Amino acid sequence: DTGVSQDPRHKITKRGQNVTFRCDPISEHNRLYWYRQTLGQGPEFLTYFQNEAQLEKSRLLSDRFSAERPKGSFSTLEIQRTEQGDSAMYLCASSPEGFGSYGYTFGSGTRLTVV
Amino acid sequence: AQSVTQLDSQVPVFEEAPVELRCNYSSSVSVYLFWYVQYPNQGLQLLLKYLSGSTLVKGINGFEAEFNKSQTSFHLRKPSVHISDTAEYFCAVSTSGSARQLTFGSGTQLTVLP
């Protein structure tokens, strides 16, 4: 297993366009997380899945954001009508159940630039 | 709610010198503590974590951290740094809630000088 994979690594889009990112977690991990990291800051929690169920969402996740994990494996994060303030690194992470779920494995991220 | 303060935004240090990166947290409940490292344009790699037991935790790449409950601190140390340790370091806390959500500090840029 090669860890958590995210695609694409970089995305440049015009303001108002929709974008979708994909995350493939470690195969045996049933927990999946999305975080957002802006320049010079630590990552901020966006949302969390256990298997296919989205169990928690941050207030940062406005109505323009939607995340899915349809079969409990890969996940997608879509941003509609992008704004310049959406420019950030979007990080995905996964973890197993139990005590090992503390301190999870991050992917390399998708860097979004909205112009 | 919990919060994390990383007291130094930038720490320059010469190669082979010791280093300490400071982290203080605030929480009304028991916490679990983590240090992550981030190299440029990369995701975060877990260095070490404190969940329970011994307050001195050893991690990868020769790093260690000590949990001090009375001072609500979790400082990261390395006795001798290398050029390759140059990176951004993040302290994070989590509570025992079901989401295992992490709250991160704003990071410390460690720069190792030759």
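Calculation notes
Throughout, residues of each chain are indexed from 1 in the direction in which the sequence is written. Going through the entries in the order they are written, you letter the chains from A and number the ligands from 1. It should be noted that, the model being predicted, local features are given only for residues of pLDDT at least 70 and side-chain atom pairs only at 80 or more, the latter also being counted only at that level, while totals for whole chains, interfaces and linings use all residues. Excluding hydrogens and water, the side-chain values take into account all heavy atoms of the structure. Burial classes: relative accessible area under 20% of the type maximum marks a residue as buried, over 50% as exposed, and values in between as partly exposed (1.4 Å probe, protein chains only). Each helix is a run of H or I in the DSSP string that is no shorter than four residues. Each strand is a run of E no shorter than two, and both are numbered from the N terminus. Strands are labelled as partners when DSSP assigns at least two bridges between them. The contact definition used throughout considers only heavy atoms, calling two residues in contact when any of these lie within 4.5 Å. Basically, the charged four are Asp, Glu, Lys and Arg, the nonpolar ten are Ala, Val, Leu, Ile, Met, Phe, Trp, Tyr, Cys and Pro, and anything else, Gly included, counts as polar. What is meant by a nonpolar core is a set of buried Ala, Val, Leu, Ile, Met, Phe, Trp, Tyr and Cys residues, joined one to another through side-chain atoms within 4.5 Å. Residue-level confidence of the predictor, termed pLDDT, takes values from 0 up to 100.

1. Quick notes on the pairing of strand 9 (residues 88–95) of chain A
Residue and element names in this part refer to chain A.
Then, in step 1: Among the eight residues of strand 9, eight are classified as buried, and the element is accordingly described as predominantly covered.
Then, in step 2: Alternating residues of strand 9 divide into A88, Y90, C92 and S94 and M89, L91, A93 and S95, and every residue in both groups is buried.
Then, in step 3: Sheet topology note: the strand 4 (residues 31–37)/strand 9 ladder contains seven bridges and is antiparallel. If you follow Y35 over to strand 9, its bridge partner there is L91.

2. What to know about the interface of chain A and chain B
Then, in step 1: Residue-level contacts link 24 residues of chain A with 23 residues of chain B.
Then, in step 2: Elements that contribute at least two residues to the side of chain A that touches chain B include exactly strand 4, strand 5 (44–50) and strand 9 of chain A.
Then, in step 3: Ranked by residues supplied to the side of chain A that touches chain B, first place goes to strand 4 of chain A with four residues.
Then, in step 4: Partitioning the side of chain A that touches chain B into residue classes produces eleven nonpolar, nine polar and four charged.

3. Remarks on the nonpolar core
All names here are of chain B.
Then, in step 1: Core analysis: the largest hydrophobic core is formed by 27 residues, its most contacted members being L33, W35, L47, L48, F74, L76 and Y89.
Then, in step 2: Sort the elements by how many residues they give to this core and strand 10 (residues 87–94) lands first, with four residues.
Then, in step 3: The residues contacting L76, other than those within four sequence positions of it, are V19, E20, L21, W35, L47, L48, F63, E64, A65 and Y89.

4. Points about the confidence of the model for chain B
Then, in step 1: This prediction gives chain B a mean pLDDT of 92; 96% of its residues lie at or above 70.
Then, in step 2: Predicted confidence in chain B is weakest over strand 6 (residues 44–50) of chain B, with a mean pLDDT of 93, and strongest over strand 3 (residues 19–21) of chain B, with 98.

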